[in-house]
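# Analysis of the macromolecular model
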Amino acid sequence: MTPVPTAIHHATPLRERLSRLLLPSFTGLLLLFLFAPIGVMIAFSFNNPLGRQNITWQGFTLGNYVSLWGRSDITDPMIVSLGIAAISTVVATIFGTMIALALTRYRFAGTAVVNLLIFIPMTAPEIILGASLLTLWVSMGVERGFLTILVAHVMFNISFVVVTVRARLVGFNRSLEEAGMDLYADGRTVFWKVTLPLIFPGILSAALLAFALSIDDYVITLFSAGRTLTFPLWVFGVSRLGIPPEVNVLGTLIFVVAIVGIGFQIWGQRRGGRSTDGAEPITMVVR
Amino acid sequence: MRSLRRGLTPLLLLLPGGSWLIAFFAVPMAFMLLLSLQQGTFDTGYHLTWNFGIYPQVIGKYWALFLRSASFALMATALTLAIGYPVAYTIAFHGGRLKNALLLVVVLPFFVSFVIRTLNWRMILADNGMLFGFLKSVGILRPDFHFLATPASVVFGLTYNFLPFMILPLYVAIEKIDRRLIEAATDLYASRAQAFWRVTFVLSLPGVVAGSLLTFIPTVGDFITAEVIGAGNPEVFMVGNIIQRKFLDSLDYPAAAALSFVLVAAVMVLVIVYTRLIGSDRLSG
């Protein structure tokens with residue numbers, strides 16, 4: 001027990017005001033810091049570089065946004081990434097939602113094992129997941145490429161989908177389903193007409209999260225890729241010479257798409273009359 | 001008939017996703033364990049000789065690397081906590097109607113690819129880049145100052161990249177705190193500092209623990225930061241860099257697999273000790 005410093009109780013209004021400003025200004029500064037590399041990325045997507053070194057500001061141009069589309073060395077890996085993200089999102093969202101339903105709706109032996117199986121891949125260092133998959137491919141003599149990347153992405157996405165959809169199912173009002181039953185709907189009809197529409201926002205968030213995780217993944221992909229290039233792998237490869245402006249262009253475009261996507265989600269939630277609750281953004285943690 | 005169907009339904013729901021996780025997460029872990037116990041070379045093939053000696057061997061050779069990875073990750077975790085706590089606190093207690101918007105702003109930069117973000121940091125922090133180049137030109141820094149490829153730069157990069165992993169769980173924990181408890185403490189003549197440390201902070205401990213684990217575990221296995229911001233300087237390498245090189249460049253699979261397992265075991269021991277130390281009863285809060 002330290003003695004109470006009485007000075008705090010008799011703080012001058014000025015000091016009080018300063019201490020009130022301290023936390024908000026710190027938060028503001030931190031937000032600026034968080035956006036520093038993003039700001040540089042956006043600025044340099046408009047840079048007109050001399051040669052390949054995109055390091056100093058040379059002048060404004062929109063040319064990078066045009067030249068991007070002619071460069072198949074950039075667009076091809078992007079198309080691979082989009083394909084893997086789209087397919088792995090669909091598969092993982094379906095499988096993950098099924099697991100979430102099983103875990104919240106039924107009691108069965110082995111729940112603890114299932115929970116572990118979902119929890120560990122989410123928390124283990126990514127390099128471990130990637131490396132262990134590599135040993136599987138090598139031991140089984142599987143050629144690494146598009147399919148092995150896809151398998152890996154579905155694997156790490158399932159857990160995130162389960163957690164996101166389960167959060168939605170836990171707060172679910174079962175009486176709505178019972179009302180459906182009372183009105184002579186059979187189990188199947190209740191599921192498709194009542195349950196699924198109600199948990200759909202959760203499924204959508206899960207799918208968006210899975211897509212974002214997949215399109216950004218470098219570590220796990222690296223170990224399953226063989227010679228196939230995804231966008232992050234390609235960026236890493238060319239970056240030894242400095243960042244080509246087109247990389248920043250694509251980064252900026254992805255950033256804009258993310259903002260629009262989030263905007264839509266918020267708008268959808270407002271329209272649905274629910275306030276966004278604080279726990280939801282936590283599912284958007286990006287690896 | 002009906003009860004049989006009810007009994008089968010959860011199994012059918014679990015089957016596709018569960019088998020995927022078993023086949024491509026659990027089984028590969030077993031393969032990696034077996035691979036670590038094999039001997040041979042990439043060209044002649046590996047044979048299972050139950051060579052447990054590989055474990056003392058890699059620990060003896062790489063213990064300093066493990067220590068460095070752990071200390072980098074610990075420093076980054078401590079920094080994210082020190083920086084993230086005031087931010088989570090401000091948003092939770094003073095965010096008002098902007099709470100969710102502010103949280104989104106915190107995670108927004110992380111929608112840009114990890115690789116692109118880290119590369120842009122390398123550009124900002126380059127010896128003659130926009131930050132240090134400027135400070136050198138106005139004479140604040142000596143011309144030979146450099147930051148990239150130093151241990152501090154790697155810790156910096158880790159701290160930046162994993163801040164949301166700390167801020168979000170902290171926010172969730174702090175937001176849940178019943179603020180009447182803090183009022184009660186001040187009514188009972190606790191100073192603001194006392195009320196914070198003995199009420200607010202204690203009640204936010206679940207978030208502190210969750211955030212620390214969510215930050216420490218991925219940082220300790222990270223290798224991109226040391227590769228990019230550490231500029232591939234072997235003196236700032238972490239365990240991940242060696243694992244990655246052994247798996248993908250030198251194809252020394254058994255040693256790489258053994259290193260991976262030591263990393264997993266070390267992380268698990270640390271997590272167990274840490275959660276025991278804090279007390280699991282506080283975690284459930």
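Residues numbered from 1 in each chain as written. Chains lettered and ligands numbered in written order. Predicted model: local features only at pLDDT ≥ 70, side-chain atom pairs only at ≥ 80, totals over all residues.

## Some words on the overall build of chain B
What chain B contains, in helices and strands, is 13 helices and two strands. Since a compact globule built from 285 residues should have a radius of gyration of about 19 Å, the 24 Å found for chain B marks it as more spread out than a globular shape. If you line up chain B on its principal axes, its C-alpha atoms span 80 × 75 × 35 Å. Residue burial in chain B is summarised as follows: out of 285 residues, 43% are buried. In chain B, once contacts between residues fewer than 6 apart in sequence are set aside, the share between residues at least 24 apart is 68%. (Helix = DSSP H or I, 4+ residues; strand = E, 2+ residues; numbered from the N terminus. Rg over C-alpha atoms; globule rule 2.2 N^0.38 Å. Buried ≥ 20, exposed ≤ 12 C-beta atoms within 10 Å, placed from the backbone. Contact = placed C-beta atoms within 7 Å.)

## Structural notes on the pairing of strand β1 (residues 38-41) of chain B
Regular strands show a simple pattern: their side chains alternate between the two faces of the sheet. Residues and elements named next belong to chain B. In terms of strand pairing, β1 meets strand β2 (residues 45-48) through four bridges, oriented antiparallel. Following the sheet pairing, Q38 is matched in β2 by L48. Turn length for the β1-β2 hairpin, with the two strands adjacent in sequence and antiparallel, is three residues. (Pairing = 2+ DSSP bridges.)

## Considering the interface of chain B and chain A
Opposite the 73 residues of chain B that make contact, chain A presents 71 residues. Listed by contribution, the elements that provide at least two residues to the side of chain B that touches chain A are α1 (2-36), α2 (54-94), α3 (99-107), α4 (114-124), α6 (151-175), α9 (205-221), α11 (239-248) and α12 (253-278) of chain B. Within the side of chain B that touches chain A, the residues separate by chemical class into 56 nonpolar, 13 polar and four charged. (Nonpolar A, V, L, I, M, F, W, Y, C, P; charged D, E, K, R; others polar.)

## Considerations on the nonpolar core
The nonpolar side chains of soluble globular proteins are, as a tendency, buried together. Residue and element names in this part refer to chain B. Core analysis: the biggest nonpolar cluster contains 141 residues, and A88 and Y171 have the highest contact counts within it. Take this core: its biggest share by element is 16 residues, from α6. Summarising the domain contributions, this core has at least three residues from each of domain 1 (14-52) and domain 2 (61-283). The residues contacting A88, other than those within four sequence positions of it, are I167, L170, Y171 and I174. (Core = buried A, V, L, I, M, F, W, Y, C linked by C-beta atoms within 7 Å. Domains from an automatic or database assignment.)

## Quick notes on the packing of α6(B) against α9(B)
Residues and elements named next belong to chain B. Viewed as axis vectors pointing N to C, α6 and α9 meet at an angle of 160°, and their least axial separation amounts to 8 Å. The angle between α6 and α9 falls in the class roughly antiparallel. Taken as a pair, α6 and α9 cross one another with a handedness that is right-handed. Across the interface between the two elements, L158, F162, F165, M166, P169, L170, V172, A173 and I174 from α6 touch P206, G207, V208, A210, G211, L214, T215, P218 and T219 from α9. The residue inventory of the contact of α6 with α9, partitioned by class, reads 14 nonpolar, four polar and no charged. (Axes fitted to C-alpha atoms, helices over the stretch in contact; angles between N-to-C directions. Parallel < 35°, antiparallel > 145°, perpendicular 65-115°, else oblique. Left-handed = near helix turned anticlockwise from the far one by under 90°.)

## Re unusual backbone geometry
Residue and element names in this part refer to chain B. Positive phi, close to 70°, is recorded for A149, a residue that is not glycine. With respect to the element layout, A149 can be found in the loop between α5 (132-137) and α6. Of note in this structure, A231 is not a glycine but carries a positive phi near 55°. Its place among the elements puts A231 in the loop between α10 (224-228) and α11. Residue A231 is classed as partly exposed on the basis of its C-beta count, with 16 C-beta atoms lying within 10 Å.

## Points about the domain arrangement of chain B
All names here are of chain B. Here chain B is partitioned into domain 1 (14-52) and domain 2 (61-283). The gap between the C-alpha centroids of domain 1 and domain 2 is 31 Å. Of the residues lining the interface, eight residues belong to domain 1; the matching set on domain 2 comes to seven residues. For the side of domain 1 that touches domain 2, the secondary-structure elements that each account for two or more residues are α1 and β1. Sort the elements by how many residues they give to the side of domain 1 that touches domain 2 and α1 lands first, with four residues. Across the side of domain 1 that touches domain 2, the residue classes break down as five nonpolar, three polar and no charged.

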